[in-house]
Amino acid sequence: MKAEASVKEQTATKTGADLLVEALIDQKVDTLFGYPGGAVLPIYDAIYRAKGSFDHILPRHEQGGIHAAEGYARVSGRPGVVIGTSGPGATNLVTGIADAMMDSIPLVIFTGQVAKGVIGTDAFQESDIMGITTPITKHNYQVQAIEELPRIVKEAFHIATTGRPGPVVVDIPKDISSTVQANKVDDSFHLPGYQPNLKPNPLQINKLHEALVAAKKPVVLAGSGIVHAGASDELREFVHNYQLPVTTTLLGLGSYPGNDDLSLGMAGMHGTYAANIALYECDLLINIGSRFDDRLTGNLKHFAPSATVAHIDVDPAEIGKNVPTQIPIVSDAKAALQSINKKKVQGLDHKNWMADIDHNKTECPLWHEQPESEIVPQWLIQKVYEYTKGEAVVTTDVGQHQMWAAQYYHFDRPNRWVTSGGLGTMGYGFPAAIGAQLADMDSTCVAIVGDGGFQMTMQELSILQERRLPVKVLIVNNQALGMVRQWQEKFYEERYSESIIDVQPDFVKLAESYQVPGYYIDSQKSLEEVLPKVLADDQPAVIDCRVLQKENVYPMIAPGKGLHEMIGVKKP
Amino acid sequence: MRRIVTAIVHNRSGVLNRVTGLLAKRQFNIESISVGRTETEGVSKMTFVVEVEDERKLEQLTKQLNKQIDVLKVSDITDKAIVARELAMVKVISNPQIRNEIQGIIEPFRASIIDVSKESVTVQVTGKSDKVDALIELLRPYGIKELARTGLTAFTRGHQPQVAEFKPYSLLK
């Protein structure tokens, strides 16, 4: 009799970890990216007990896990959920948290913490993750009592996914996750200090409409705010109503079809000549969901010098931050575009402007040399585009390969392009592709990575082996830290300090040791034989593709220069 | 330009760190900060005196502060009718002979002596920062052993005078 009573008691009570698991189920979380450890053992025990509720992905380094969560969030449009233990587990997540913050990726990160009683004593595996992550999170919490855990989890998801998305850290002391709570707890919340403004002010929309009617040389700058807001259809309608040329930021690629007649391609440091000249010469610049990053604007003195600037952004702090703005519109991109699309369009005359733009597009396109048998990276990306019919999910690290992918892979829809824009994180592309593939099992996911970046997170090949995820890792191998090498060539008189890496692992054998098929390609002929086959099958692959080391990314705006001062433009 | 900015915040651990960290990260120079509870339970008020370059920097400051989830309201009250006070305590070297002299100096400032010892007196003064500065300068020749200031705390007056809106006059229009 006695034993029976105690069992009943146990089922009626829940630990903090159980409450966490319940809260995650409430949030319809289906995938967790996490790494167990001392301070999260109660949480992992609760996950074990709730078996079947989540697909748990175990990376081999926490950084791999959080980048995978970012890739998952980018492609699925749902928040990525990450668990790390205290101390080193939490600090290994820091790069991914900062990356998600810069690119507005919704993440909810749970970190274990040492028990409340020993916080602040430099206990085993203790780190001040609140202090460390405060400047790189949208918000962070340390749970102080078990009763507040369900509410905090709910708030964390709300904050991460609404307004301008971003990462939220919830730090959970071990005693809170293991304490038993018998009573039901209230998870309702009220955040008076967080009320994002999602609807535009009609007066400002009127101003934008007036400016559009008056403009002779308008241009739209499409940023990733459009992708986050799911506003691509609205953008298309807007652009077609007013017949506006569109350029995108690096992260905005895919928000507007790259092959459309009105598309100018990407703008910025390695953007197209037509896009940058349009930004330089325009009389009306409509920025939708871009934060005017310095890699986009170049020298601010020469950025859109004669333009009226309209800026639509859900984050008011972005408006006027870098570029003075005459028509500020604080709103979600979708709502703002919907209201401007309701306005009547009349008396537009952009003929001369469009003729100038088309002239630049056809006369000064992206270009590269084509040797006889060696592979140039630009051609490689063109081939990937061709073989995947432009439908793949493409992820990258930062650097030359990233810029070539941005230039030569044309995205027709959003959520297909996953790259580390703001933070420029090496080692991002491959794990992000794992998350992207998990979010969309029907698409081909190609991680276009450099030989440098891949070596930062290549241990995640374990996940491909474990899950048989058909991710294709395409190493654009120039045996160098390419972008560093390019800058040293251009701006440091060819002093290649520590940028040439000619001692490398045998990537084919490395892949095979993880039971992932590996391929070696070093000529156009071998590429055309191997690549279409590999991209079409349902196996994972690592492709070590040797490209010309000396190839540089052009055109380019040198540091300190304006958009009109591009170098490496091929003019007729 | 020197601005007085107030922020109403949730009284939670880490909020001060969050706010000062934000200002440091964005290179705003804080002259003083004072924090204390308000009439509402769980809500505190911070008063910052900051030196900012221009209007745009100031706009960024208030917008970035407003973005914080624990920040409920941010106001730049520099140009409003405000009540602003600072408290300072000054320990001045003084023997019994010159104590009266010090008393005479501080009287016009409505400051008071709050502690006396054989070699020193401690003066408490409240008021606007420039008044506090002026008194400190007067006491300095006697030898200041210790000085502590609270930083400014401020809010707007109950009644804001109506300033007539003059239209900008231009010869060209």
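All of these numbers come straight from a predicted model, not from anything done at the bench.

Could you clarify how one ought to interpret the overall build of chain B in this entry?
Check the secondary structure of chain B and you find 4 helices and 9 strands. Across chain B, helices and strands are ordered from the amino to the carboxyl terminus as β-α-β-β-α-β-β-α-β-β-α-β-β. A compact globule built from 173 residues would reach a C-alpha radius of gyration of about 16 Å, whereas chain B, at 20 Å, exceeds it by more than 25%. Projected onto the principal axes, the alpha-carbon positions of chain B cover approximately 65 × 50 × 30 Å. Here chain B holds 173 residues, and 38% of them are scored as buried. Here the analysis covers contacts within chain B between residues at least 6 apart in sequence; of these, 73% occur between residues at least 24 apart. Of the roughly 10800 Å² of accessible surface on chain B, a fraction of 52% belongs to carbon and sulfur atoms. Side chains of chain B carry 27 positive and 21 negative charges; the gap between the two charge centres is 5 Å.

Can you walk me through the domain arrangement of chain A in this structure?
You'll often see interface size given as the accessible area lost when the parts meet. All names here are of chain A. Per the domain assignment, the segments of chain A are domain 1 (14–181), domain 2 (202–364) and domain 3 (377–553). Here the C-alpha centroids of domain 1 and domain 3 sit 29 Å apart. Opposite the 23 residues of domain 1 that make contact, domain 3 presents 28 residues. When the two sides are added together, the surface that domain 1 and domain 3 hide from each other amounts to roughly 2000 Å², 62% of it contributed by carbon and sulfur. It is R60, R74 and V75 that lose the most area in domain 1 upon contact with domain 3, and together they represent 30% of the buried surface on that side. Between the two partners, domain 1 and domain 3, sit 2 salt bridges. Between R60 and E466 there is a salt bridge; the shortest N-O distance is 2.7 Å. Taken together, the links from domain 1 to domain 3 amount to 9 residue pairs in polar contact (both at pLDDT 80 or more). Considering every element that reaches the side of domain 1 that touches domain 3, the biggest residue donor is helix α4 (residues 62–76), with 10 residues.

I tried to follow the interface of chain A and chain B on my own but got confused; where do I start?
Taken together, the contact pairs 22 residues of chain A with 17 residues of chain B. Between chain A and chain B the total buried area reaches about 1500 Å² when both faces are included, carbon and sulfur atoms providing 49% of it. When the buried area of chain A at its contact with chain B is split by residue, H139, G193 and A317 of chain A rank highest and sum to 31% of it. Linking chain A with chain B are 1 salt bridge. Its salt-bridge partner being K67 of chain B, residue D315 of chain A comes within 2.7 Å of it at the nearest N-O pair. Where chain A packs against chain B, one counts 8 residue pairs in polar contact (both at pLDDT 80 or more).

It is not clear to me how helix α4 (residues 129–139) of chain B should be interpreted in this structure. Could you clarify?
Because each turn of an α-helix spans 3.6 residues, side chains separated by three or four positions end up pointing in the same direction. Restricting attention to buried positions, one finds in α4 of chain B the residues S129, V132, L135, I136 and L139 of chain B. Mapping the buried residues of α4 of chain B onto a view down its axis gives an arc of 125°, with all of them on the same face.

Just to check I follow, could you spell out the pairing of strand β2 (residues 29–37) of chain B for this structure?
Look at any regular strand and the pattern is simple: side chains alternate between the two faces of the sheet. Residue and element names in this part refer to chain B. Summarising the sheet, β2 and strand β3 (residues 43–51) pair through 8 bridges and their orientation is antiparallel. Following the sheet pairing, V35 is matched in β3 by M46. Counting the residues in the hairpin turn of β2 and β3 gives 5 residues, including G42, whose phi is positive at 80°.

It is not clear to me how the sheet that holds β3 of chain B should be interpreted in this structure. Could you clarify?
Picture the strands of a sheet paired through backbone hydrogen bonds; they go either parallel or antiparallel. All names here are of chain B. Sheet architecture is open: 4 strands sit in the order β2-β3-β1-β4, paired in antiparallel fashion. In this open sheet, the two strands that pair with only one neighbour each are β2 and β4 (71–76). Neighbour-to-neighbour, the strand axes of the sheet open up by a mean angle of 20°, direction not taken into account. When strand β1 (residues 2–10) meets β3, the two strands line up antiparallel, connected through 9 bridges. Along β3, the bridge assignment pairs H10 with V43. Each of β1, β3 and β4 touches helix α2 (residues 55–67); the most contacted strand, β4, lies at about 165° to it.

Before we go on, may I ask you to explain the UniProt feature "domain: Thiamine pyrophosphate enzyme N-terminal TPP-binding" (unreviewed entry) in chain A in this structure?
In the numbering used here, UniProt assigns the feature "domain: Thiamine pyrophosphate enzyme N-terminal TPP-binding" (unreviewed entry) to residues 15–131 of chain A. In residues 15–131 of chain A, helix accounts for 44% and strand for 17%; the two terminal C-alpha atoms are 27 Å from one another.

Help me understand the packing of aromatic side chains, please; the structure alone is not making it clear to me.
Residue and element names in this part refer to chain A. Evaluation of the coordinates by the stated rule reveals 9 aromatic pairs over all chains. A centroid spacing of 5.3 Å and a plane angle of 75° characterise the contact between F292 and F303, whose relative ring orientation is edge-to-face. You can see F292 sitting in the loop between β12 (284–288) and α14 (294–297) and its partner F303 sitting in the loop between α14 and β13 (308–313), a full 11 residues away along the chain. You'll find F292 and F303 in the same group, each marked buried. Geometrically, the ring pair formed by W487 and F491 is edge-to-face, given 5.2 Å between the ring centres and 70° between the ring planes.

What's the story with the pattern of salt bridges in this structure? I'm lost.
Opposite charge on two side chains allows them to pair when their charged atoms are near. Residue and element names in this part refer to chain B. For the coordinates displayed, the defined rule picks out 33 salt bridges over all chains. Of the charged contacts, one joins D76 and R3 as a salt bridge, the two residues approaching to 2.8 Å between their closest N and O atoms. Highlighted residues: D76 in strand β4 and R3 in strand β1, separated in sequence by 73 residues. Given the relative accessible area of 22%, D76 is considered partly exposed. Given the relative accessible area of 9%, R3 is considered buried. Close ionic contact of E137 with R140 constitutes a salt bridge, the shortest N to O distance being 3.2 Å.

Honestly, the nonpolar core in this entry has me stumped. Any pointers?
Side chains that are nonpolar tend, in soluble globular proteins, to be buried together. Residue and element names in this part refer to chain A. Of all hydrophobic cores here, the largest spans 55 residues; its most connected members are L235, F238, L285, I286 and I288. It is helix α13 (residues 273–281) that contributes the most residues to this core, 5 residues altogether. If we skip the residues at most four places from it in the chain, L235 touches V220, A222, I226, S255, Y256, I288 and L337. Counting residues in hydrophobic clusters, the runner-up holds 38 residues, among them I97, A100, Y514 and V542.

In this structure, what is going on with the sheet that holds strand β11 (residues 263–266) of chain A? I would like to understand it.
Residue and element names in this part refer to chain A. What the 6 strands build is an open sheet, ordered β11-β10-β9-β12-β13-β14; its pairing is parallel. For this open sheet the edge positions go to β11 and β14 (327–330), each flanked by a neighbour on one side alone. For this sheet, the mean inter-axis angle between neighbouring strands, taken without regard to orientation, is 15°. The pairing of strand β9 (residues 218–222) with β12 spans 5 bridges and is parallel. Across the sheet, residue P218 finds its bridge partner in β12, namely L284.

Would you mind showing me how to read the domain arrangement of chain B here?
Residue and element names in this part refer to chain B. One can read the domain layout of chain B as domain 1 (2–80) and domain 2 (85–155). Each side of the interface is counted separately: domain 1 has 10 residues, and domain 2 has 7 residues. Considering only the surface of domain 1 that becomes buried against domain 2, S34, K45 and T47 emerge as the three largest contributors, covering 47% of it. Where domain 1 touches domain 2, the interface holds 0 salt bridges. Linking domain 1 with domain 2 are 2 residue pairs in polar contact (both at pLDDT 80 or more). Looking at the side of domain 1 that touches domain 2, the elements with two or more residues in it are β1, β2 and β3. The residue inventory of the side of domain 1 that touches domain 2, partitioned by class, reads 4 nonpolar, 4 polar and 2 charged.

Here is what the cut-offs are and how they apply
- Residues numbered from 1 in each chain as written.
- Chains lettered and ligands numbered in written order.
- Predicted model: local features only at pLDDT ≥ 70, side-chain atom pairs only at ≥ 80, totals over all residues.
- Heavy atoms only, no water.
- Helix = DSSP H or I, 4+ residues; strand = E, 2+ residues; numbered from the N terminus.
- Rg over C-alpha atoms; globule rule 2.2 N^0.38 Å.
- Buried < 20%, exposed > 50% of the residue type's maximum accessible area, 1.4 Å probe, protein only.
- Contact = heavy atoms within 4.5 Å.
- Areas by Shrake-Rupley, 256 points an atom, 1.4 Å probe, with all protein chains shown as cover.
- Lys, Arg positive; Asp, Glu negative; His and termini not counted.
- Charge placed at Lys NZ, Arg CZ, Asp CG, Glu CD.
- Domains from an automatic or database assignment.
- Buried area = accessible area lost by both parts, 1.4 Å probe.
- Salt bridge = Lys/Arg side-chain N within 4 Å of Asp/Glu carboxyl O.
- Polar contact = N/O pair within 3.5 Å; in protein donor to acceptor, adjacent residues only side chain to side chain.
- Arc of directions from axis to C-beta.
- Pairing = 2+ DSSP bridges.
- Axes fitted to C-alpha atoms, helices over the stretch in contact; angles between N-to-C directions.
- UniProt positions renumbered as here; feature names shortened; annotations may be inferred.
- Phe/Tyr/Trp six-rings, centres within 6.5 Å; stacked < 30°, edge-to-face > 60°.
- Core = buried A, V, L, I, M, F, W, Y, C linked by side-chain atoms within 4.5 Å.
- Nonpolar A, V, L, I, M, F, W, Y, C, P; charged D, E, K, R; others polar.

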